[in-house]
Amino acid sequence: MAAMKPRTGDGPLEVTKEGRGYVMRVPLEGGGRLVVELNATEVKDLGDALLAAVPG
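Please read these numbers as outputs of a predicted model, since none were measured by experiment.

K.L.:
Honestly, the sheet that holds strand E3 (residues 33-38) in this entry has me stumped. Any pointers?
P.N.:
Think of a sheet as strands paired side by side through backbone hydrogen bonds, with each pair either parallel or antiparallel. Here 3 strands make up an open sheet; going across it, the order is E1-E2-E3 and the pairing antiparallel. Sheet topology places strand E1 (14-18) and E3 at the edges, where each strand pairs with a single neighbour. Across the sheet, the axes of successive neighbouring strands diverge by a mean angle of 20°, strand direction being ignored. Relative to strand E2 (residues 21-27), E1 is paired through 5 bridges, and the arrangement is antiparallel. Each bridged residue has a counterpart across the sheet, and for Lys 17 the counterpart in E2 is Tyr 22. Sitting on the sheet, helix H1 (residues 40-53) is in contact with E2 and E3, with an inclination near 120° to E3.

Here is what the cut-offs are and how they apply
Here the residue index of a chain counts from 1 through its sequence in written order. It should be noted that, the model being predicted, local features are given only for residues of pLDDT at least 70 and side-chain atom pairs only at 80 or more, the latter also being counted only at that level, while totals for whole chains, interfaces and linings use all residues. Values shown for side chains rest on all heavy atoms present in the structure; no hydrogens or waters enter the calculation. Paired strands, as defined in this entry, are two strands with at least two bridges between them according to DSSP. Only DSSP runs of H or I reaching four residues or more are called helices, and only runs of E reaching two or more are called strands; each is numbered from the N terminus. Every angle, taken between N-to-C directions, lies between 0 and 180 degrees, and every axis is a line fitted to C-alpha atoms, over only the stretch in contact when it is a helix. The contact criterion used is simple: two residues touch if any of their non-hydrogen atoms lie within 4.5 Å.

Following this line, the structure appears as structure tokens:
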């Protein structure tokens, strides 16, 4: 059985380029992280949706 790493905190929201895609790590309430892999089109669509949701 693999050793479990202790959770040291949620950490910040992160987006990194890995290979041909992007990996977004979102801290969750109560601990842990949501990890989502996106392609470039999905990143742009997500950015546009978030900008539209924020009153400017």
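The discussion continues.
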